[in-house]
Amino acid sequence: MRVLIAEDDPGVQRFVAKGLKEQAYAVDTVATGPEALEQAEINSYDVIILDVMLPGLSGFEVCRRLREAGLKTPVLMLTARDAVEDRIAGLDHGADDYLTKPFEFRELLARLRALLRRPSELKPAQLSVANLTLDTAAQVATRSDRHISLTHKEYALLEYLVRNAGRIVGRAEIAEHVWDEHFDPFSNLIEVYVNRLRRKIDAPGETLLLHTKRGAGYMLGISEEPAASEQPVPPSRNKSKSPGKKYDV
């Protein structure tokens, strides 16, 4: 899942960003209210972490403007102020949850998982597609009784596909939610990870679950189309690569 962290304290920002990346989240960071507002408006995030005391615009004001613009992304407010009035103010401005500093990182993770289950319907901590099961709390994937060993990024991609099971998701959508703003859209990184996942979750003799839809994207689920249609989706190509791009492998 892709997260925006708006926190002006460099130490807290680094701590939270590092911890979330280790838990397979794609993370973007900003340090001011105007930057948070801009990033939230131009990118698609699954959850936003907003510090209350941001320079330029407070977290309260950023949240209020995002809600006025119709953005429904879950927002978790962070603050050093634990007064009841401050918590009420944050919730009244459109925040979904409120966490007071200092906090246990485990609690932050639990609150994020709760918010990610909430958007359109209440989703359980364990997600299933056919006989493939994902434990989002433990970040463990199994198929029948077979444990599937995954890297952090492979897990992040699989969780996104499981949460969107039964529908086709394109490269751009995957890049928005599984990778951060440094992703190179002209790379074949998504194809590489999809192929890795396919080899891990679709063992010989098992019903294929991860499907490539030519020219459209990928779908996780039982497909009625013949297996011969499973061909890689070629990435958009441009001879010149943007300088300074980072690759998440």
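This one's a predicted model, so the numbers in the text were calculated from it and none came from an experiment.

Some thoughts on the confidence of the model for the protein
Alright, step 1. For the protein, the mean per-residue pLDDT works out to 84, and 84% of the residues sit at or above 70.
Alright, step 2. For residues 227–234, every residue scores under 50 in pLDDT, and the model assigns this stretch 17 contacts once sequence neighbours within four places are set aside.
Alright, step 3. Predicted confidence for residues 236–249 stays below pLDDT 50, and this span has 22 contacts to residues more than four positions away or in other chains.

Details of unusual backbone geometry
Alright, step 1. Here Lys101 and Pro102 are connected by a cis peptide whose omega angle stands at -10 degrees.
Alright, step 2. With respect to the helices and strands, Pro102 occurs in the loop between strand E5 (97–100) and helix H5 (105–117).
Alright, step 3. Within the chain, Ala130 stands out as a residue other than glycine whose phi angle is a positive 55 degrees.
Alright, step 4. As for its position among the elements, Ala130 is in the loop between strand E6 (126–129) and strand E7 (132–135).
Alright, step 5. Its identity as a non-glycine residue notwithstanding, Ser144 has a phi of 55 degrees, on the positive side.
Alright, step 6. Take Ser144: its relative accessible area is 46%, and that puts it in the partly exposed class.

Quick look at the nonpolar core
Alright, step 1. One finds Leu20, Tyr25, Ile49, Leu108, Leu158 and Leu220 to be the most contacted residues of the largest nonpolar core, which totals 50 residues.
Alright, step 2. Among the elements that make up this core, the one with the highest residue count is helix H6 (residues 152–163) (seven residues).
Alright, step 3. The residues contacting Leu220, other than those within four sequence positions of it, are Val129, Leu132, Leu158, Leu161, Val162, Ala165, Gly166, Ile201, Leu209 and Leu210.
Alright, step 4. Counting residues in hydrophobic clusters, the runner-up holds 20 residues, among them Leu4, Leu66, Val75 and Met77.

Examining H6
Alright, step 1. Here H6 spans 16 Å end to end across twelve residues, near enough to the 16 Å set by a 1.5 Å rise per residue.
Alright, step 2. For H6, the tally of buried residues reaches eleven of twelve residues, placing the bulk of the element in the interior.

Focus on the sheet that holds strand E9 (residues 146–148)
Two modes of strand pairing occur in sheets, parallel and antiparallel, and in both the strands are linked by backbone hydrogen bonds.
Alright, step 1. Spatially, four strands are ordered E6-E7-E8-E9 in an open sheet, and the strand pairing comes out antiparallel. The open sheet terminates on both sides in strands that have one partner only, identified here as E6 and E9. Ignoring strand direction, the axes of neighbouring strands in this sheet form an average angle of 25 degrees.
Alright, step 2. Sheet topology note: the E6/E7 ladder contains four bridges and is antiparallel. Considered in E7, the bridge of Gln126 is made with Asp135.
Alright, step 3. Most of the contacts of H6 go to E7, to which it runs at about 115 degrees, and overall it touches E6, E7 and strand E8 (140–143).

About the criteria used
- Residues numbered from 1 in each chain as written.
- Predicted model: local features only at pLDDT ≥ 70, side-chain atom pairs only at ≥ 80, totals over all residues.
- Heavy atoms only, no water.
- pLDDT = per-residue confidence, 0-100.
- Contact = heavy atoms within 4.5 Å.
- Helix = DSSP H or I, 4+ residues; strand = E, 2+ residues; numbered from the N terminus.
- Buried < 20%, exposed > 50% of the residue type's maximum accessible area, 1.4 Å probe, protein only.
- Core = buried A, V, L, I, M, F, W, Y, C linked by side-chain atoms within 4.5 Å.
- Expected span 1.5 Å × (residues − 1).
- Pairing = 2+ DSSP bridges.
- Axes fitted to C-alpha atoms, helices over the stretch in contact; angles between N-to-C directions.

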